[in-house]
Amino acid sequence: MDFDLTEGQKALVTLIKDFFKRETSPEFWLELVARDPMERMPWDLMKKMHEVGLATLAVPKNWGGEGVDLFTLMLAAEALGQYAPPLFPIYQHDWRTCVILNEVGTEEQKDEIFTRIMKEPTFYMGSSTTEPDYGHDPLLPYDEPGAGMKTFAYRDGDEYVINGEKCFSCGVDADILYLSLRTDKYKPLSQSMSTILVPKGTPGCSVRINEWLVEHLRPNGDIIFDNARVPARYLLGGEDNTGFTMIRDHPRAAASIFLWLAAQIGTSQLIYELTLEYAQTRVQGGKPIIEHPTIGVKMVEMLTKIEQARLLLYKALWEIEQATKAGNLPTSPLGFSLLNAMVHDLHALVALSAMDIFSGRAVMKGTYIEWLVRYVLEDLHGGGTATFNRIKASQML
Ligand SMILES: Cc1cc2nc3c(=O)[nH]c(=O)nc-3n(C[C@H](O)[C@H](O)[C@H](O)COP(=O)(O)OP(=O)(O)OC[C@H]3O[C@@H](n4cnc5c(N)ncnc54)[C@H](O)[C@@H]3O)c2cc1C
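Residues numbered from 1 in each chain as written. Predicted model: local features only at pLDDT ≥ 70, side-chain atom pairs only at ≥ 80, totals over all residues. Heavy atoms only, no water.

## Side note on helix 6 (residues 107-119)
Going by this rule: Put simply, DSSP H or I for four residues or longer makes a helix, DSSP E for two residues or longer makes a strand, and each gets a number counted from the N terminus. Multiplying one less than the number of residues by 1.5 Å gives the expected span of a helix. Each residue is placed in one exposure class: buried if its accessible area under a 1.4 Å probe, protein chains only, is under 20% of its type's maximum, exposed if it is over 50%, and partly exposed if it falls in between. Working note: the arc is built from the helix axis to C-beta atom directions.
With 13 residues, helix 6 ought to run about 18 Å at 1.5 Å a step, and its terminal C-alpha atoms sit 18 Å apart, in line with that. All buried positions along helix 6 are accounted for by Gln109, Lys110, Ile113, Phe114 and Ile117. Angular distribution of buried residues about the axis of helix 6 spans 100°; they occupy a single face of the element. Exposed and facing more than 90 degrees away from the buried side of helix 6 are Glu107 and Lys119.

Here it is as structure tokens:
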């Protein structure tokens with residue numbers, strides 16, 4: 001196993017670090033997140049990211065993008081999580097969607113979306129799977145015939161007609177919504193799910209905005225589909241009822257979920273570094289608090305867990321790349337469940353350690369560390385809670 005980074009990979013990580021250190025600051029992010037939910041998208045910053053090639057990293061070279069491989073994208077996601085935490089959900093999701101599209105999309109879909117990403121600097125995508133009665137179920141998946149997801153689309157001529165209700169969706173004003181739904185009401189979900197790429201402004205879609213523990217840049221809301229009509233060419237992959245199998249059978253598409261975990265590890269690294277800096281400068285008992293053994297030990301525990309998670313992440317992606325290159329499909333998503341559980345544990349640990357070490361200052365409104373602590377705590381359920389992922393992993397042993 002070789003995790004030595006190439007010169008190109010090192011240069012990319014440096015570019016991301018330098019770009020966000022130059023263009024942003026804690027005050028920049030805090031000003032954005034204090035705005036109204038529909039006013040938080042950093043359009044000017046996105047234009048600059050487009051200019052330096054960060055927005056187009058995952059667009060294949062045929063369409064003029066950077067076309068970097070999955071391991072390199074993961075490094076970029078990790079750096080984004082570290083140097084631009086409020087922004088990472090937007091780009092890790094869009095990079096991930098590009099990977100999926102490249103693996104399973106029709107040529108027409110690739111052409112339309114990749115061309116738009118290249119030409120429209122503020123183009124971005126949203127994601128919608130969860131429903132009021134459908135939360136963790138897709139993660140197993142819970143596969144009783146007809147159970148679970150209710151949002152349904154049927155074909156009518158050259159269009160799909162969508163009815164149903166989604167909740168908690170990020171990017172409700174996105175240019176394209178990556179929407180998971182049913183195209184068969186009665187089969188198990190693994191045989192009846194499809195994905196439709198819903199263009200912005202589709203008639204029949206309405207939105208209720210949600211606010212969370214944390215203020216996000218992408219507006220989050222519930223989406224109601226009332227006979228919403230979408231051209232049939234937007235059915236991902238062009239074939240009904242293949243939403244699950246399509247991703248499962250394309251390891252790179254399935255593994256693109258690791259980008260999200262990579263970004264989260266990056267944010268843990270940032271919290272660790274901010275906490276270390278504070279512990280080295282805050283003096284109590286006549287010396288910097290890092291010199292008090294209880295504080296030093298907490299810092300070491302954080303660092304150990306970050307290193308463990310990062311190594312497991314690199315190993316998992318390395319194995320997937322090797323297996324894919326050799327033509328052997330990796331058969332088990334065990335690595336994802338283990339890592340997801342580990343990242344949730346990591347987030348709980350870094351959040352509580354930072355709260356302990358910053359003490360009063362960790363909970364003072366309007367500080368970056370307070371926002372970051374809320375940010376990582378809020379996502380302890382994402383991709384399934386730690387316990388849920390351990391149950392899932394145990395079923396694969
Ligand atoms: C800020 C934020 C952003 C989000 N963004 C998006 C988005 O962009 N798109 C989107 O589609 N969704 C999004 N979500 C939704 C998120 O993915 C769901 O909240 C998540 O899937 C969990 O679903 P739930 O909240 O309904 O919990 P539930 O599924 O109701 O789970 C409740 C509890 O039951 C446990 N549980 C559930 N099933 C089992 C089981 N079979 N075995 C053992 N234990 C089980 C869980 O571990 C958990 O502890 C977002 C949520 C938040 C908070």
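## Concerning the pairing of strand 7 (residues 220-231)
Note the threshold: Note on pairing: DSSP must find at least two bridges between two strands before they are called paired.
Relative to strand 7, strand 3 (residues 159-170) runs antiparallel, the two being bridged by nine bridges. Counterpart to Ser169 in the pairing with strand 7 is Gly221. Here strand 6 (residues 205-210) pairs with strand 7 via six bridges, running antiparallel. Across the sheet, Cys205 pairs through a bridge with Phe225, a residue of strand 7.

## Description of the side chain of Thr97
To keep it simple, the criterion reads: Throughout, a residue-residue contact means that at least one pair of heavy atoms, one from each residue, lies within 4.5 Å.
Residue placement: Thr97 occurs in helix 5 (residues 88-104). Beyond its immediate sequence surroundings of up to four residues, Thr97 is in contact with Met125 and Tyr178.

## A short note on the packing of helix 5 against helix 6
Condition: Between the N-to-C directions of two axes lies an angle of 0 to 180 degrees, each axis being a line fitted to C-alpha atoms and, for a helix, fitted only over the stretch in contact. Working definition: roughly parallel below 35 degrees, roughly antiparallel above 145 degrees, roughly perpendicular at 65 to 115 degrees, and oblique for all remaining angles. In this scheme, a crossing is called left-handed if the near helix is turned counterclockwise away from the far one by less than a right angle; it is called right-handed if the turn is clockwise. Only Asp, Glu, Lys and Arg are considered charged in this grouping, and only Ala, Val, Leu, Ile, Met, Phe, Trp, Tyr, Cys and Pro are considered nonpolar; every other residue, Gly among them, is considered polar.
Taken N-terminus to C-terminus, the directions of helix 5 and helix 6 make an angle of 150°; their axes are 10 Å apart at the nearest point. Judged by the angle between their axes, helix 5 and helix 6 are roughly antiparallel. For the pair helix 5 and helix 6, the sense of crossing is left-handed. Facing Cys98, Leu101 and Asn102 of helix 5, the residues of helix 6 in contact are Gln109, Lys110, Ile113, Phe114 and Ile117. Within the contact of helix 5 with helix 6, the residues separate by chemical class into five nonpolar, two polar and one charged.

## Let's talk about the pattern of salt bridges
Put simply, the rule is: Throughout this description, the term salt bridge denotes a Lys or Arg side-chain nitrogen within 4 Å of a carboxyl oxygen of Asp or Glu.
Enumeration according to the criterion identifies 25 salt bridges in this entry. Where Glu215 meets Arg374, a salt bridge forms, and the shortest distance between an N and an O atom there is 3.1 Å. Taken together, the residues span a long stretch of sequence, with Glu215 in the loop between strand 6 and strand 7 and Arg374 in helix 12 (residues 368-378) at a distance of 159 residues. When its relative accessible area of 18% is taken as the criterion, Glu215 is described as buried. What makes Arg374 buried here is its relative accessible area of 12%. Where Lys298 meets Asp356, a salt bridge forms, and the shortest distance between an N and an O atom there is 3.7 Å. Here the residue Lys298 occupies a position in helix 10 (residues 293-325), and Asp356 occupies one in helix 11 (residues 334-358), the gap between them amounting to 58 residues. Lys298 sits in the partly exposed class, given a relative accessible area of 26%. For Asp356, a relative accessible area of 36% puts it in the partly exposed group.

## Some points on a nonpolar patch on the surface
What counts, and what does not: By definition, no residue in a patch forms a salt bridge, and every one has over 30% relative accessible area; like charges are joined within 9 Å, nonpolar side chains (Val, Leu, Ile, Met, Phe, Trp, Tyr) within 5 Å. Per-residue and other accessible areas were derived by the Shrake-Rupley procedure at a 1.4 Å probe size, with only the shown protein chains allowed to occlude residues.
There is a patch of nonpolar side chains on the surface, built from Met38, Val207 and Ile209 and spanning about 230 Å² of accessible area. Looking at where Met38 falls in the secondary structure, it is placed in the loop between helix 2 (26-33) and helix 3 (43-51).

## Structural notes on the pairing of strand 2 (residues 152-156)
Relative to strand 3, strand 2 is paired through five bridges, and the arrangement is antiparallel. Each bridged residue has a counterpart across the sheet, and for Tyr154 the counterpart in strand 3 is Val161.

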